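Observations on the three-dimensional arrangement
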Amino acid sequence: MMEIPLEENQVSVISIENPAAYTCILKEIWKQTQGDEGEVILFDGEKCKNIAKEIECIFNPFSLDCNNKRILTKLYQELKEESDSVLLEEFMTINSQIVKYLDKLIYQVSYPLKCNLELDVVNLLKLYNVEVDAEDSTLLENLVNYLRISSQILKTRIFIFVGLKQYLTQDELDKLYEFAFYEKLHLVIIEAMHSPCIRGEKGWILDKDLCIIEV
């Protein structure tokens, strides 16, 4: 059994040199982050946490989208709650004006028409394509933007990356780790071959004989 503590200001790097174990562990992590049962256990003190709610597993850093369905759904829910609590009067005024406009517009044609007169905030947000403004030009910028948005909107605090150190220079890793530490995020990197640890990392190796080596 491999136990990996998630320490503050520390990136956990797990090198799995046994191909079968590498495949098995990644499969377990992936299916559990999707909501299935599995062998990976996440503890907060003595309390067992739901991995699907607490962890995001990122296999391809180039596929990250700050406006994916999960983020926009949560964002629209948050905006709707704000509208219902502090902007309800303004929204009702907008809805009234739209209904008047539709009545006038429908009256311009001779055939019978009908429409839904109840405007929903979420539909309004979709109509105007409200989304996260996350301009980026480099992989590092995209990673930082995604971690920031995902942690703020989805409340995700633990991110597992597969092979991340193959994509970034040491300087870029330093900047990514600095951001994660400042935001109090936990990063776990899984790789197939061991690479030397840099500042901010703590490493474990599961070698070809399934022996655990702390480095």
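So, here's what we can say about the structure. (Residues numbered from 1 in each chain as written. Predicted model: local features only at pLDDT ≥ 70, side-chain atom pairs only at ≥ 80, totals over all residues. Heavy atoms only, no water.)

1. Observations regarding the sheet that holds strand β8 (residues 212–214)
Strand order in the open sheet formed by six strands is β4-β5-β6-β1-β7-β8, and the pairing between neighbours is mixed. Looking along the sheet, the strands with just one partner apiece sit at the ends: β4 (55–58) and β8. With direction set aside, neighbouring strand axes in the sheet form an average angle of 20 degrees. Strand direction decides the pairing type here: strand β1 (residues 11–16) and strand β6 (residues 186–191), joined by four bridges, are parallel. The residue bridging serine 15 from the neighbouring strand is glutamate 191, located in β6. Helix α6 (residues 139–154) contacts β4, β5 (158–162) and β6 of the sheet and is inclined by roughly 145 degrees relative to β5. (Pairing = 2+ DSSP bridges. Helix = DSSP H or I, 4+ residues; strand = E, 2+ residues; numbered from the N terminus. Axes fitted to C-alpha atoms, helices over the stretch in contact; angles between N-to-C directions. Contact = heavy atoms within 4.5 Å.)

2. Topic: the pattern of salt bridges
Following the criterion strictly, the structure yields seven salt bridges and no others. The closest approach of N and O atoms between glutamate 214 and lysine 202, which form a salt bridge, is 3.0 Å. One end of the pair, glutamate 214, is in strand β8; the other, lysine 202, is in strand β7 (residues 201–206), and 12 residues separate them in sequence. On the basis of relative accessibility, which here comes to 54%, the residue glutamate 214 falls in the exposed class. (Salt bridge = Lys/Arg side-chain N within 4 Å of Asp/Glu carboxyl O. Buried < 20%, exposed > 50% of the residue type's maximum accessible area, 1.4 Å probe, protein only.)

3. Observations concerning the packing of helix α3 (residues 69–86) against helix α4 (residues 88–107)
In helix packing, the relevant descriptors are the interaxial angle and the interaxial distance, both defined with respect to the helix axes. Closest axis-to-axis distance for the α3/α4 pair is 5 Å, and the angle between their directions is 95 degrees. One way to sum up the angle between α3 and α4 is to call them roughly perpendicular. Every residue of α4 that contacts α3 at Ser83, Asp84 and Val86 is listed here: Leu88, Glu90 and Phe91. (Parallel < 35°, antiparallel > 145°, perpendicular 65-115°, else oblique.)

4. Quick look at the side chain of asparagine 95
Residue position: asparagine 95 is located in helix α4. In contact with asparagine 95, not counting residues within four places along its chain, are Leu117, Glu118 and Leu119.

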